[in-house]
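Here are the chains, one letter per residue:
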Amino acid sequence: MAVEKKDLDWGNLTFDYQPTDYSYVSNWKDGKWDEGGLTDQHTVTLSECAGLLHYCQEVFEGLKAYTTKDGDIVCFRPDMNAERMYNSAARLEMPSFPKDRFVEAVKEVVKANAAWVPPFGSGATLYVRPLMFATGNVIGVAPADEYQFRILVTPVGPYFKGGLKPIKLCVSKYDRAAPHGTGNIKAGLNYAMSLKPTMEAHRNGFAENLYLDSESRTYVEETGGANVLFVAKDGTLVVPKSHTDSILPSITRRSLVQVAEDLGMKVDQRPVAWAEVAEGEFVECGLCGTAAVISPVGEIHNNELVVTFPDGHEECGPVMKRLRETLVGIQSAELEDKHNWVFKVC
Ligand code: PLP
Ligand code: COI
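Residues numbered from 1 in each chain as written. Chains lettered and ligands numbered in written order. Predicted model: local features only at pLDDT ≥ 70, side-chain atom pairs only at ≥ 80, totals over all residues. Heavy atoms only, no water.

## Some remarks on the site of ligand 1
In plain terms, the rule: Being near a molecule or strand, for a residue, means having at least one of its heavy atoms within 4 Å of it. For this analysis, a polar contact is any N or O atom pair within 3.5 Å, provided that within protein one partner can donate a hydrogen and the other can accept it, and provided that sequence-adjacent residues contribute only side-chain to side-chain pairs. Under the convention used here, a 1.4 Å probe and the Shrake-Rupley method define accessible areas, while residue burial counts only the protein chains that appear. Per the convention used, a helix needs a DSSP run of H or I reaching at least four residues, while a strand needs a run of E reaching at least two, with both numbered from the N terminus. Under this grouping Gly is polar, as are all residues other than the nonpolar Ala, Val, Leu, Ile, Met, Phe, Trp, Tyr, Cys and Pro and the charged Asp, Glu, Lys and Arg.
The environment of ligand 1 is made up of 17 residues, and the closest members are Tyr191, Glu222, Ser250, Thr252 and Thr290. Within the contact set of ligand 1, an oxygen atom lies 2.8 Å away from a side-chain nitrogen or oxygen of Arg84. Relative to its unbound accessible surface of 380 Å², ligand 1 loses 96% to contact with the protein. Taken together, the elements giving at least two residues each to the shell around ligand 1 come down to β11 (220–223), α6 (251–262) and β15 (282–289). Its residues assigned to classes, the shell around ligand 1 comprises five nonpolar, eight polar and four charged.

Structural data, given as structure tokens:
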């Protein structure tokens, strides 16, 4: 039987945290993960010498849960988040959380918070944030010997204010990720150093930064919290690829490439030079990610240069709109799930 939903103003939620009923927690000690389970405690007590606090051993994930028209609760491709967190942890010398246990833990915590999963059609979703961090003591630079894996969930609205209104980006003078560094994993350290560029961008009236590759400052990489997509004049979906493995492998982006192909679109995944963007080769641009979904980009500023995307300047362009509607339709189980991406929770 469907649970009664919480009495929230679902249509006006922002992308902010509020505690829900349960989180999930498991601890790694003596070389193994404990059984794990739900907790109603939303705080963490740490040693002042925990590895997290000194050397930033922390990785995280982001996915969403949705209520379908039929009242089921589903998640989108949690196995992909399990896989990416596994890789992120390995890169920071942390013990990987078993992928099957990750998916089961997502299921358990979402089910326990079913009343917090926004109703179908509300425009809101339940954001699911798995995270893992070093709790063991370290003073010399070394991996810790104890860790905690948690999953918190919180209901959210759109990531960018204004919902589907095209946003403005600026090309950052800062770098996001070093070549062959940690740009391809989801670690908190990548976001700590993006905060100053983000706040500067906001103060200058931009929603986000667009980062170029830090090796040559020639190619488009991604933004602080989402991958980038372009539409060429002939309708091809152009997806930036990194020479230096410094773009986060977005699950939304990889899904959209498949969706575009299923819709019969031509897709080109290749390095994209900033010069192509500056010369007006693209008619639409969008950001994609779990939080961003697909957010249309109307303009990108690079110092004095302003690049506008003619088919998506005033409102979301037709290609981004079609991709977004198809993706959201699959995620909320309104459209056929050809690739078995939708995972039923309850
Ligand atoms: N790029 C960055 C830097 C991100 O933080 C995110 C968010 O997770 C993405 C891209 C989008 O990835 P995904 O579609 O897996 O959420
Ligand atoms: C997500 O899309 O899930 C992220 O983690 C991005 C973050 C900037 C909110």
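From this point, the discussion proceeds with the structure in view.
## A look at helix α5 (residues 195–203)
To keep it simple, the criterion reads: Partly exposed describes any residue whose relative accessible area lies between the buried limit of under 20% and the exposed limit of over 50%, with all areas from a 1.4 Å probe on protein chains only and scaled to the type maximum. An arc is given here, and it is the one of the directions from the helix axis to the C-beta atoms. Note on definitions: a residue-residue contact is assigned when non-hydrogen atoms from the two residues lie within 4.5 Å.
For α5, the complete set of buried residues consists of Pro197, Thr198, Glu200 and Ala201. Take α5 and look down its axis: the buried residues cluster within an arc of 165°, on one side only. Of the exposed residues in α5, those oriented more than 90 degrees away from the buried face are Leu195, Lys196 and Arg203. For α5, the secondary structure elements touched by its buried residues are β9 (167–171) and β10 (208–212). Immediately beyond the C-terminal end of α5, within one or two residues, lies Gly205, with a positive phi of roughly 90°.

## Looking at the packing of aromatic side chains
Threshold: Any two of the Phe, Tyr and Trp rings considered here, Trp counted by its six-membered ring, make a pair once their centres fall within 6.5 Å; the pair's planes then place it as stacked at under 30 degrees, edge-to-face at over 60, or tilted in between.
This model, assessed by the stated rule, comprises 13 aromatic pairs. Ring geometry for Phe97 and Phe149: centres 3.8 Å apart, planes at 10°, overall stacked. With Phe97 in the loop between α2 (78–91) and α3 (99–112) and Phe149 in strand β8 (residues 147–156), this pair connects stretches of sequence that are 52 residues apart. On the basis of relative accessible area, Phe97 is assigned to the buried category, the value being 2%. A relative accessible area of 0% means that Phe149 is categorised as buried. Residues Phe102 and Phe149 carry aromatic rings whose centres are separated by 6.0 Å and whose planes lie at 55° to one another, so their mutual orientation is tilted. Of the two residues, Phe102 sits in helix α3 while Phe149 sits in strand β8, which places them 47 residues apart along the sequence. In textbook terms, an aromatic cluster arises when at least three aromatic residues are bridged by ring pairs, as seen for Tyr24, Trp33, Phe97, Phe102 and Phe149.

## A word on the site of ligand 2
Within the structure, ligand 2 sits among Phe60, Gly62, Tyr127, Arg129, Tyr159, Lys186, Gly225, Thr290 and Ala291. Here Tyr127 contributes a side-chain N or O atom positioned 2.5 Å from an oxygen atom of ligand 2. One of the backbone N or O atoms of Ala291 is found 2.8 Å from an oxygen atom in ligand 2. Split by residue class, the shell around ligand 2 holds four nonpolar, three polar and two charged.

## Things to note about the environment of Asp70
For Asp70, the position within the fold is in the loop between β5 (63–67) and β6 (73–76). C-alpha separation for the pair Asp70 and Ala2, spaced 68 residues apart in sequence, amounts to 9.8 Å.

## A closer look at the pairing of strand β17 (residues 305–308)
Two faces make up the sheet, and in a regular strand the side chains alternate between them. Spelled out, the test is: Strand pairing is assigned whenever DSSP identifies at least 2 bridges connecting the two strands.
Across four bridges, the pairing between strand β16 (residues 293–302) and β17 is antiparallel. What sits directly across from Asn302, in β17, is Leu305. Hairpin connection between β16 and β17: a loop of two residues separates the two successive antiparallel strands, and Asn303 in this loop has a positive phi of roughly 50°.

## A look at the side chain of Thr223
Locating Thr223 in the fold gives a position in strand β11. A polar atom in the side chain of Thr223 sits 2.9 Å from the backbone oxygen of Ala226. Excluding anything up to four places from it in sequence, Thr223 contacts Leu169, Arg176, Glu208, Asn209, Leu210, Tyr211, Val228 and Leu287.

## Concerning the environment of Ile300
Here Ile300 shows up in strand β16. Along the sequence, Ile300 and Ile167 sit 133 residues apart, while their C-alpha atoms lie 8.8 Å from each other. Setting aside its immediate chain neighbours within four residues, Ile300 contacts Leu169, Val171, Leu210, Trp274, Val277, Cys285, Leu305, Val306, Val307 and Phe309.

Don't take any of this as a statement about function, it's just geometry.
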